[in-house]
Structures are given as structure tokens and as C-alpha cells.
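Structural overview for review
Listed below, chain by chain, are the residues.
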Amino acid sequence: MAKELGLPYLAVAALSGGLFGFGLYVSQMVDPLKVLHFLDFAAIPSGGWDPSLAFVMGAGLIVMFIAVRIGRTRQKPALDVQFHEPEFKKIDAPLVLGAALFGIGWGMSGICPGPGISLIAFWPQNLAIYLLALFVGSYGGSFIIPSGRDRRLAVASD
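Below, the structure is looked at part by part.

Rules and cut-offs
- Residues numbered from 1 in each chain as written.
- Predicted model: local features only at pLDDT ≥ 70, side-chain atom pairs only at ≥ 80, totals over all residues.
- Heavy atoms only, no water.
- Helix = DSSP H or I, 4+ residues; strand = E, 2+ residues; numbered from the N terminus.
- Buried < 20%, exposed > 50% of the residue type's maximum accessible area, 1.4 Å probe, protein only.
- Contact = heavy atoms within 4.5 Å.
- Areas by Shrake-Rupley, 256 points an atom, 1.4 Å probe, with all protein chains shown as cover.
- Salt bridge = Lys/Arg side-chain N within 4 Å of Asp/Glu carboxyl O.
- Arc of directions from axis to C-beta.
- Polar contact = N/O pair within 3.5 Å; in protein donor to acceptor, adjacent residues only side chain to side chain.
- Core = buried A, V, L, I, M, F, W, Y, C linked by side-chain atoms within 4.5 Å.
- Phe/Tyr/Trp six-rings, centres within 6.5 Å; stacked < 30°, edge-to-face > 60°.

Bringing the overall build of the protein chain into the picture now. Each helix and strand in the protein chain was counted, giving 7 helices and 0 strands. Order of helices (α) and strands (β) in the protein chain, N terminus to C terminus: α-α-α-α-α-α-α. By residue count, 18% of the 158 residues in the protein chain fall in the buried class. For the protein chain, the share of sequence-separated contacts (at least 6 apart) that also reach a separation of at least 24 residues comes to 46%. Roughly 11900 Å² of accessible area belongs to the protein chain as shown, and the carbon and sulfur atoms make up 71% of that amount.

If you want it as C-alpha cells, here you go:
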């Protein structure tokens, strides 16, 4: 990274992470059963389906939509030298496969990585197994599908 991260940048990052974690806790998205009840579409006829995760995601989409619109009116972010756009913008096989694997893991455990990290504060039963699997899967995936510079070179050579 060309620019060293300053204290204001780190303070905003810490505040944002704290706010995100607090929001996960308040919305009960750290409860795997809450998430699993959202994913159980078969429970809709019996009234056992919990649509609350859709409201949490919807609120996040609205906030992000507004933030992106405001950001596009600016020359650069307040605490960085430039905006960082996604490097890969097309839907390809690694994206679809990764999304499917992520969804399967989320559905099996009921824990998304964000809430999984925030659950460290409460350390529920079996969290260590989840976190170990999360880190092994993330690290192991880099051996199967190259990322960063290696992936750019692979895509350029196609």
C-alpha cells in the first residue's frame, strides 16, 4: 500500500467495525437459529419462516446505495488517496462456485463470517470448530483458485 494508514483512518475503521458488530447483535444475526429459520423456506406454509434477515439485508442495501451515490460525487475518499473499485467485475465460474460454497457453508452452520467473528465476544459452543474451518477453507481456497496478482496474470493469459 502506497500510503501508510493514519490514526483517523484506523479510528473510523474501528468505529465502523464496532457499529457493524453491534448491529449484528441487536438484529440477532449472531444467532445461527435466526439465520437458519430465514433459510427454511419450507416453513413458510406453517408460519415458521423468519423473514427478519431480509429486513436486515434490505436496510444494509439502502445504506450502501446512498453511500455509493454520495461517494460518486467526490473526487476521493476523506481518509484515502483514491477510491478502490472491485478489480473483477464479471460473473465467472470462480465467483459462482465460491458463492455456492459460501451459501452451502452458511446454510449448514447458520453463521456468516461477519457474525462468526463477532461471536468471539460470546464464545458459544463449537465456535472454535467453525472458525478453524473458516480459516482453513479461506486459506485452502487460495491454492485452488489464484487470487490477486496471480489471478490477474491467469486471466490475462486466457
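Now for the pattern of salt bridges. All told, the structure shown has 1 salt bridge when counted by the stated rule. Measuring nitrogen to oxygen at the nearest pair gives 3.1 Å for the salt bridge that ties Asp50 to Lys34. A residue pair is termed long-range when its members are at least 10 positions apart, and Asp50 in the loop between α2 (32-39) and α3 (52-71) and Lys34 in helix α2 qualify at 16 residues. In terms of burial, Asp50 and Lys34 fall into one category: buried.

Now for α2. Looking at α2, one finds that the buried residues are Lys34, Val35 and Phe38. All buried residues of α2 fall inside an arc of 95° around its axis, so they share one side. Residues of α2 that are buried sit in contact with α3 and α4 (93-109). The N-terminus of α2 is capped by Asp31, whose side-chain oxygen sits 3.1 Å from the backbone nitrogen of Leu33.

Ranked by size, the top nonpolar core spans 13 residues in total, and within it Met29, Val35, Leu53, Leu119, Leu127, Tyr130 and Leu131 carry the most contacts. Elements that contribute at least two residues to this core include exactly α2 and α6 (127-144). At 4 residues, α6 tops the list of elements feeding residues into this core. The contacts of Leu131, once residues within four sequence positions are left out, are Gly116, Ile117, Ile120 and Trp123.

For the rest of this paragraph, the subject is the packing of aromatic side chains. Within this structure, the stated rule accounts for 6 aromatic pairs. Ring centres 6.0 Å apart and planes at 50° place the aromatic pair Phe102 and Trp106 in the tilted group. Taken together, the positions of Phe102 and Trp106, both in helix α4 and 4 residues apart, correspond to about one turn of that helix. Judged by relative accessible area, which is 39%, Phe102 ranks as partly exposed. Looking at Trp106, the relative accessible area reads 19%, which means it is buried. Among the aromatic side chains, those forming a connected cluster through ring pairs are Phe38, Phe41 and Trp49.

Before going further, it helps to spend a moment on the side chain of Ser52. When you line up the elements, Ser52 lands in helix α3. By relative accessible area, which is 19% here, Ser52 ends up buried. Of note is the side chain of Ser52, whose polar atom sits 3.3 Å from the side chain of Lys34. A distance of 2.8 Å separates polar atoms of two side chains, one belonging to Ser52 and the other to Asp50.

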